[in-house]
Amino acid sequence: MMKVSAAEFQRNIGRYQDLALREAVAVTRNGRESTVLISADEYRRLKRRERQVLGLGDFTDADLAALEAARSPEAAKAFNSELK
């Protein structure tokens, strides 16, 4: 990801808009990244992947029963050591 200061970004916004079509451009303020410019296509792709977080109250009784009945596949036991 390319990094550019806010002042440089303002002076050459067209250049950085063109660059953002190929790669993300991080705009910095006081040496820290404050915003990132990405292409509209990349933004839409990321929005499609956005997920909604639900609370227990959002689940039906059938959903909760299905979760309680779910069991991990036998092959998943190989990763139990990572939980310790």
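Before reading further, recall that the structure is shown in the block above.
Residues numbered from 1 in each chain as written. Predicted model: local features only at pLDDT ≥ 70, side-chain atom pairs only at ≥ 80, totals over all residues. Heavy atoms only, no water.

Participant: Can you explain the pattern of salt bridges? Please cite residues and give values.
Facilitator: If you walk through the whole model with that rule in mind, you get six salt bridges. We note a salt bridge from Glu42 to Arg45, for which the minimum N-O separation is 2.8 Å. Taken as a pair, Glu42 and Arg45 lie in helix H3 (residues 40-48) at a separation of three residues, close to a single helical turn. (Salt bridge = Lys/Arg side-chain N within 4 Å of Asp/Glu carboxyl O. Helix = DSSP H or I, 4+ residues; strand = E, 2+ residues; numbered from the N terminus.)

Participant: An account of the nonpolar core is needed here, citing residue identities and associated values.
Facilitator: Of all hydrophobic cores here, the largest spans seven residues; its members are Val4, Phe9, Tyr16, Leu19, Ala20, Val25 and Val27. Those elements that place two or more of their residues in this core are helix H2 (13-20) and strand S2 (25-29). For this core, the leading source of residues is H2, giving three residues. When residues no more than four places from it in sequence are discounted, the contact partners of Tyr16 are Met2, Val4, Glu8, Phe9, Val25 and Leu37. (Core = buried A, V, L, I, M, F, W, Y, C linked by side-chain atoms within 4.5 Å. Buried < 20%, exposed > 50% of the residue type's maximum accessible area, 1.4 Å probe, protein only. Contact = heavy atoms within 4.5 Å.)

Participant: Mind laying out the sheet that holds strand S3 (residues 32-37), listing which residues take part and the relevant values?
Facilitator: A sheet is described by the order of its strands in space; here three strands give the open sequence S1-S2-S3, paired in mixed fashion. Looking along the sheet, the strands with just one partner apiece sit at the ends: strand S1 (2-5) and S3. Neighbour-to-neighbour, the strand axes of this sheet turn through a mean angle of 35°, independent of strand direction. As paired elements, S2 and S3 share five bridges and run antiparallel to each other. Bridge assignment links Val25 to a residue of S3, and that residue is Leu37. (Pairing = 2+ DSSP bridges. Axes fitted to C-alpha atoms, helices over the stretch in contact; angles between N-to-C directions.)

Participant: Before we move on, could you go through the environment of Asn30 and cite the residues and values that matter?
Facilitator: Here Asn30 lies in the loop between S2 and S3. Here the alpha-carbon distance between Asn30 and Glu82, two residues 52 residues apart in the chain, equals 40 Å.

Participant: Lay out the side chain of Ser39 with the relevant residues and their values.
Facilitator: Take Ser39: it is sitting in the loop between S3 and H3. Beyond its immediate stretch of four places on either side in the chain, Ser39 contacts Ala20 and Leu21.

Participant: Tell me about the environment of Arg29, and name the residues and values.
Facilitator: Residue position: Arg29 is located in strand S2. Given a relative accessible area of 56%, Arg29 falls into the exposed group. Taking C-alpha positions, Arg29 is 37 Å from Gly55, a pair spaced 26 residues apart along the chain.

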